[in-house]
Amino acid sequence: MNFLEDYQLAGNEIEIFKYPNPVLKKVADPVTEFNDELRSLVKDMLYTMYQAPGLGLAAPQVGKSLRFFVMDTDYLREEISDAQGNESYKLSEFNPKVIINPLFKDHEGQILYEEGCLSIPGIFENVKRAEKVTVEYQDMWGKKHTELAEGVFSVCLQHENDHLDGIVFLERLSLLKKNFLRKKFLKAQAMA
Ligand code: NI
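Residues numbered from 1 in each chain as written. Predicted model: local features only at pLDDT ≥ 70, side-chain atom pairs only at ≥ 80, totals over all residues. Heavy atoms only, no water.

Points about the coordination of the nickel ion
Inference 1: Taken together, the protein ligands of the nickel ion are C117 (SG), H159 (NE2) and H163 (NE2), with distances of 2.1 to 2.3 Å.
Inference 2: Within one chain, the residues serving as donors to the nickel ion are arranged as C-x41-H-x3-H. Of this pair, C117 sits in the loop between β6 (111-115) and β7 (125-129) while H159 sits in helix α3 (residues 151-164), placing them 42 residues apart in sequence. Pair check on accessibility: C117 and H159 agree, each one buried. (Donors = N, O, S within 2.8 Å, 3.2 Å for Na, K, Ca; no water. Helix = DSSP H or I, 4+ residues; strand = E, 2+ residues; numbered from the N terminus. Buried < 20%, exposed > 50% of the residue type's maximum accessible area, 1.4 Å probe, protein only.)

In structure tokens form, the structure reads like this:
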């Protein structure tokens, strides 16, 4: 079993910080140590993302102000519960990506896509993003890669990268829409 296959068996669910927690507004620091501690956090973040479920999860969302995120825009997930009634999940198809110290090189075109965020649960809105992006990044072992992304993959990369700069998707909307959705979210949280 390889590293990315075993996260769904070995990961731990970790707390996702909700908007407007101050950690979500910080500009994150570059990752400099590609060690087991980092890989263990990656595994827990993937487990937590699939558990939620969501398409992406950035380190600041779990309280670590570091420049990396995990994502998967292409997976099939099945709910399972054991004899004690504990809920879990099983993935039959998945394509996890671990993006560390990303650097965007090119932006092309425009796409409107309905986004949500695990830190702002229950809020969804169309956001305008670049349709295609080229990104350079490192993997969990520090190796460099370049990837050309389009469509949902491109949208997700840009959304997660924003988290590393202390930006949530509400900031990408008009002030009017942002304030409306912000109030709606805070009200729902207060009643929860
Ligand atoms: Ni998000």
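That covers the picture; the talk isn't over yet.
Comments concerning the side chain of T134
Inference 1: Among the secondary structure elements, T134 is positioned in strand β8 (residues 132-138).
Inference 2: In this structure T134 comes out as buried when scored by relative accessible area, which is 16%.
Inference 3: When near neighbours in sequence (up to four residues on either side) are disregarded, T134 contacts L103, F104, K105, D106, T146, E147 and L148. (Contact = heavy atoms within 4.5 Å.)

Description of unusual backbone geometry
Inference 1: Residues Y19 and P20 are joined by a peptide bond in cis, for which omega reads 0 degrees.
Inference 2: Positionally, P20 belongs in the loop between α1 (3-10) and α2 (36-51).
Inference 3: Cis geometry is found at the peptide bond from A52 to P53, where omega equals -10 degrees.

A word on the packing of aromatic side chains
Inference 1: Inspection of the entire model under this criterion finds 4 aromatic pairs.
Inference 2: Centre to centre, the rings of Y47 and Y89 are 5.5 Å apart; their planes meet at 40 degrees, and the pair counts as tilted. In this pair, Y47 is assigned in helix α2 and Y89 in strand β4 (residues 87-93), connecting sequence segments 42 residues apart. Residue Y47 shares its accessibility class with Y89, and that shared class is buried.
Inference 3: Plain terms: the ring middles of Y50 and Y89 are 6.3 Å apart, the flat faces sit at 50 degrees to each other, and that makes the pair tilted. With Y50 in helix α2 and Y89 in strand β4, the pair connects residues that are 39 residues apart, well separated along the chain.
Inference 4: Classification of Y89 by relative accessible area gives buried; the value is 3%.
Inference 5: Each member of the aromatic cluster is reached from another via a ring pair, and the members are Y47, Y50, Y75 and Y89. (Phe/Tyr/Trp six-rings, centres within 6.5 Å; stacked < 30°, edge-to-face > 60°.)

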